[in-house]
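Single-letter residue listing:
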Amino acid sequence: TVTDTARLTELQEGRKLYINHCGSCHNLYKPQSYTREKWTHQMLEMKVEAKISDEQAGLILNYLTSAP
């Protein structure tokens, strides 16, 4: 469906941003490594250092917290 396609596109964009922005400075963690709360806290801290927008941070957070 259109909604599923939009969701997949959003997750792919979040993954791409995670790899390119976060991975450019340090090793990446598997999304399952942390809880939603921990990832949210990490994104609030790292958003400024990574110089990413609120929208980009949201996409990354959605990607990181979408895994079962």
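Residues numbered from 1 in each chain as written. Predicted model: local features only at pLDDT ≥ 70, side-chain atom pairs only at ≥ 80, totals over all residues. Heavy atoms only, no water.

**Student:** What should I look at first to understand helix 3 (residues 54–65) in this one?
**Tutor:** Turn by turn, an α-helix covers 3.6 residues, leaving residues three or four places apart pointing in a common direction. Its 12 residues give helix 3 an end-to-end C-alpha distance of 16 Å, which sits within 8% of 16 Å, the value for a rise of 1.5 Å per residue. Of all the positions in helix 3, only Ala 57, Leu 59, Ile 60, Leu 61, Tyr 63, Leu 64 and Thr 65 are classed as buried. (Helix = DSSP H or I, 4+ residues; strand = E, 2+ residues; numbered from the N terminus. Expected span 1.5 Å × (residues − 1). Buried < 20%, exposed > 50% of the residue type's maximum accessible area, 1.4 Å probe, protein only.)

**Student:** Whenever I open this one, the packing of helix 2 (residues 36–50) against helix 3 confuses me. Can you help?
**Tutor:** What describes two packed helices is the angle between their axes and the distance between those same axes. Where helix 2 contacts helix 3, the two axes come as close as 10 Å, and the packing angle between them is 155°. One way to sum up the angle between helix 2 and helix 3 is to call them roughly antiparallel. The hand of the helix 2/helix 3 crossing is right-handed. Contact with helix 2, carried on its side by Arg 36, Trp 39, Thr 40, Met 43 and Lys 47, involves Asp 54, Ala 57, Ile 60, Leu 61, Leu 64 and Thr 65 of helix 3 and no other residues of that element. Along the lines of polarity and charge, the residues of the contact of helix 2 with helix 3 split into 6 nonpolar, 2 polar and 3 charged. (Axes fitted to C-alpha atoms, helices over the stretch in contact; angles between N-to-C directions. Parallel < 35°, antiparallel > 145°, perpendicular 65-115°, else oblique. Left-handed = near helix turned anticlockwise from the far one by under 90°. Contact = heavy atoms within 4.5 Å. Nonpolar A, V, L, I, M, F, W, Y, C, P; charged D, E, K, R; others polar.)

These figures come from the coordinates and say nothing about function on their own.
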